[in-house]
Amino acid sequence: MFLARELLQAGEVHFAAQLAEDFFRSFEAIRLRPDGKVDPHTVDGRIRSLTLATVAMQP
């Protein structure tokens, strides 16, 4: 998930204009647990699929 966020912030991932706002809202909804790991209940399918796609495209 952090890889997807880094690629997005670096401008290496682009969205259609009508989808971009929803992705940013989904990223803002993500929360961390007290142990510093991502709370999986706060990650929606949009972010999960983006993360899987970015991991699959890494060399």
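A.B. asks: Pulling in residues and values, what's your account of the packing of aromatic side chains?
C.D. replies: The final tally for this structure, using the stated rule, is one aromatic pair. Above the plane of the ring of Phe23 lies Arg46, whose end atom (NZ or CZ) is 5.7 Å from the centre.

A.B. asks: I'd love a proper account of helix 1 (residues 2-9), names of residues and values included.
C.D. replies: Listed as buried for helix 1 are Ala4, Leu7 and Leu8. Viewed end-on, helix 1 has its buried residues packed into an arc of 100°, placing them on one side of the element. Away from the buried face of helix 1 by more than 90 degrees, exposed residues Glu6 and Gln9 are located. Within two residues after helix 1, Gly11 carries a phi angle of roughly 80°, on the positive side.

A.B. asks: Explain the side chain of Thr51 residue by residue, including any values.
C.D. replies: Here Thr51 is to be found in helix 3 (residues 45-57). Setting aside anything within four residues of it in sequence, one finds Thr51 in contact with Met1 and Ala4.

A.B. asks: Explain the side chain of Ser26 to me, and be specific about the residues and the numbers.
C.D. replies: In this fold, Ser26 is placed in helix 2 (residues 17-28). In this structure the side chain of Ser26 is engaged in a polar contact, spanning 2.7 Å, whose partner is the side chain of Asp44. The residues contacting Ser26, other than those within four sequence positions of it, are Asp44, Arg46 and Ile47.

A.B. asks: Got a sec to walk through the packing of helix 2 against helix 3? Specific residues and values, please.
C.D. replies: The geometry of helix 2 relative to helix 3 is characterised by a closest axis approach of 9 Å and an angle of 95° between their N-to-C directions. Relative to helix 3, the element helix 2 is oriented roughly perpendicular. In this structure, helix 2 contributes Asp22, Phe23, Ser26 and Phe27 to the contact, and helix 3 contributes Arg46, Ile47 and Leu50. Of the residues that constitute the contact of helix 2 with helix 3, the class distribution is four nonpolar, one polar and two charged.

Parameters and conventions
Residues numbered from 1 in each chain as written. Predicted model: local features only at pLDDT ≥ 70, side-chain atom pairs only at ≥ 80, totals over all residues. Heavy atoms only, no water. Phe/Tyr/Trp six-rings, centres within 6.5 Å; stacked < 30°, edge-to-face > 60°. Lys NZ or Arg CZ within 6 Å of the ring centre and 35° of its normal. Buried < 20%, exposed > 50% of the residue type's maximum accessible area, 1.4 Å probe, protein only. Helix = DSSP H or I, 4+ residues; strand = E, 2+ residues; numbered from the N terminus. Arc of directions from axis to C-beta. Contact = heavy atoms within 4.5 Å. Polar contact = N/O pair within 3.5 Å; in protein donor to acceptor, adjacent residues only side chain to side chain. Axes fitted to C-alpha atoms, helices over the stretch in contact; angles between N-to-C directions. Parallel < 35°, antiparallel > 145°, perpendicular 65-115°, else oblique. Nonpolar A, V, L, I, M, F, W, Y, C, P; charged D, E, K, R; others polar.

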